[in-house]
Amino acid sequence: EKLVVSHMKFNAGECIRVNGTVMPEAKSFALNIGRNSSDLILHFNPRFDSHGDTRTIVLNSMACGDWGEEFRPSFFPFQQGQETTVSISFDKKEVKVKLPGGQELSFPNRRGLEAAGFFSVYGDFWIKSIEFD
Ligand SMILES: C=CCO[C@@H]1O[C@H](CO)[C@@H](O[C@@H]2O[C@H](CO)[C@H](O)[C@H](OCc3cn(Cc4cccc(/C=C\CN=C(N)N)c4)nn3)[C@H]2O)[C@H](O)[C@H]1NC(C)=O
């Protein structure tokens, strides 16, 4: 486990901004937001070389411990060893991820969650700061 925040009150419309550096030999890292570790509105998983994927972001949700259907955007704005900032916000309908280079991803809020109490960061990423606003 890297970092887990629970008992958080992260409401729709608010934003979590994670700044840090991707490790030089990174294979993969993940940011997760949800009610708890088995109930996620977003699993954001950039894979440099993992599970057979190279330079692919995998997005998914989890309901009662079961993964939903994956979504793989076509772009991959991350570099090993590079500092990066990922901002996540959501509303009842969708989760929005702002990426470096100004690209934005949206992913359906399949759980219709209106407040998230759980946030975790895993894998090959050195966290520098996490801001909630
Ligand atoms: C083709 C065969 C069947 O299809 C595959 O089936 C796999 C299993 O379901 C899916 O994989 C799963 O996908 C899920 C999203 O949907 C999660 O990502 C899950 O991981 C959960 C997970 C997170 N975590 C913590 C973590 C996250 C990132 C890095 C590290 C640690 C260090 C890595 N750094 C190293 N070693 N240097 C640890 N652990 N497990 C992953 O196993 C594949 O996507 C899928 N592939 C495709 C193309 O469909």
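The structure this text deals with has already been given above.
Residues numbered from 1 in each chain as written. Predicted model: local features only at pLDDT ≥ 70, side-chain atom pairs only at ≥ 80, totals over all residues. Heavy atoms only, no water.

Caption draft 1: View of the overall build of the protein. For the protein, the helix and strand inventory stands at 0 helices and 13 strands. Each helix and strand of the protein, ordered N terminal to C terminal, gives the series β-β-β-β-β-β-β-β-β-β-β-β-β. Summarising its shape, the C-alpha atoms of the protein cover approximately 35 × 30 × 30 Å along the three principal directions. Counting every position in the protein, which comprises 133 residues, the buried fraction comes to 45%. Roughly 6,600 Å² of accessible area belongs to the protein as shown, and the carbon and sulfur atoms make up 48% of that amount. Positive and negative side-chain charges in the protein, numbering 15 and 17 respectively, have mean positions lying 2 Å apart. (Helix = DSSP H or I, 4+ residues; strand = E, 2+ residues; numbered from the N terminus. Buried < 20%, exposed > 50% of the residue type's maximum accessible area, 1.4 Å probe, protein only. Areas by Shrake-Rupley, 256 points an atom, 1.4 Å probe, with all protein chains shown as cover. Lys, Arg positive; Asp, Glu negative; His and termini not counted. Charge placed at Lys NZ, Arg CZ, Asp CG, Glu CD.)

Caption draft 2: The site of the ligand, seen in detail. With respect to spatial proximity, 15 residues lie near the ligand, and among them His43, Arg47, Asn60, Glu70 and Asp124 are the closest. In this structure, a nitrogen atom belonging to the ligand sits 2.7 Å away from a side-chain N or O atom of Asp124. The element best represented in the shell around the ligand is strand β5 (residues 39-50), accounting for 3 residues. Partitioning the shell around the ligand into residue classes produces 4 nonpolar, 6 polar and 5 charged. (Near = heavy atom within 4 Å. Polar contact = N/O pair within 3.5 Å; in protein donor to acceptor, adjacent residues only side chain to side chain. Nonpolar A, V, L, I, M, F, W, Y, C, P; charged D, E, K, R; others polar.)

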